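Take a look at the letters that make up each chain.
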Amino acid sequence: MANQSQGQTLLLFSNEMLKAINELCLKRDSIQQEIMDQQKEQRCIQSDIRVLTDRLTELGADICKKTAIRNEFDKTINETQTQYKKIREALLNPIAVRDREREQQSAKQRQEQSAEEAQSQRQESS
């Protein structure tokens with residue numbers, strides 16, 4: 001009977017060991033599935049990073065180009081404004097000179113007229 005008892009104990013021990021091994025296999029499979037899921041997520045994130053890095057590079061290059069274009073516009077605008085001011089001054093200056101000359105001529109005519117009137121009055125008085 002001792003042999004039978006030892007056999008049952010061995011069978012019980014063997015069943016427990018198989019059950020434990022089975023549980024370990026299930027846990028290993030679960031962990032393996034988590035690893036595969038995380039690796040898939042990692043690949044997706046790495047892909048997203050590549051896409052975003054490429055986009056970031058494109059944006060940086062585009063910003064540089066547009067900044068250069070904007071700077072050229074600024075330069076052109078400043079040059080155009082400077083030339084416009086010079087042209088405007090050149091156009092307005094003769095008008096101002098002409099107006100000043102007219103005013104000086106009118107003042108001279110008034111002085112001459114006043115002088116003639118004064119001379120006329122002196123002659124009439126004499």
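Throughout what follows, the structure given in this document is the object of discussion. (Residues numbered from 1 in each chain as written. Predicted model: local features only at pLDDT ≥ 70, side-chain atom pairs only at ≥ 80, totals over all residues. Heavy atoms only, no water.)

**Quick word on the pattern of salt bridges**
Applied cut-off: Counted as salt bridges are all cases of a side-chain nitrogen of Lys or Arg within 4 Å of a carboxyl oxygen of Asp or Glu. A run of H or I in DSSP counts as a helix once it spans at least four residues, and a run of E counts as a strand once it spans at least two, with each numbered from the N terminus. Only protein chains enter the area calculation, which uses a 1.4 Å probe; residues under 20% of their type maximum are buried, those over 50% are exposed, and those in between are partly exposed.
Tallied over the entire structure, the rule returns 4 salt bridges. Residue aspartate 62 pairs with lysine 66 through a salt bridge whose shortest N-O separation is 3.3 Å. Within this pair, aspartate 62 and its partner lysine 66 are both found in helix α1 (residues 2-125), separated by 4 residues, close to a single helical turn. On the basis of relative accessible area, aspartate 62 is assigned to the partly exposed category, the value being 33%. Arginine 70 is the salt-bridge partner of aspartate 74, the closest N and O atoms lying 4.0 Å from each other. Taken together, the positions of aspartate 74 and arginine 70, both in helix α1 and 4 residues apart, correspond to about one turn of that helix. Take arginine 70: its relative accessible area is 46%, and that puts it in the partly exposed class.

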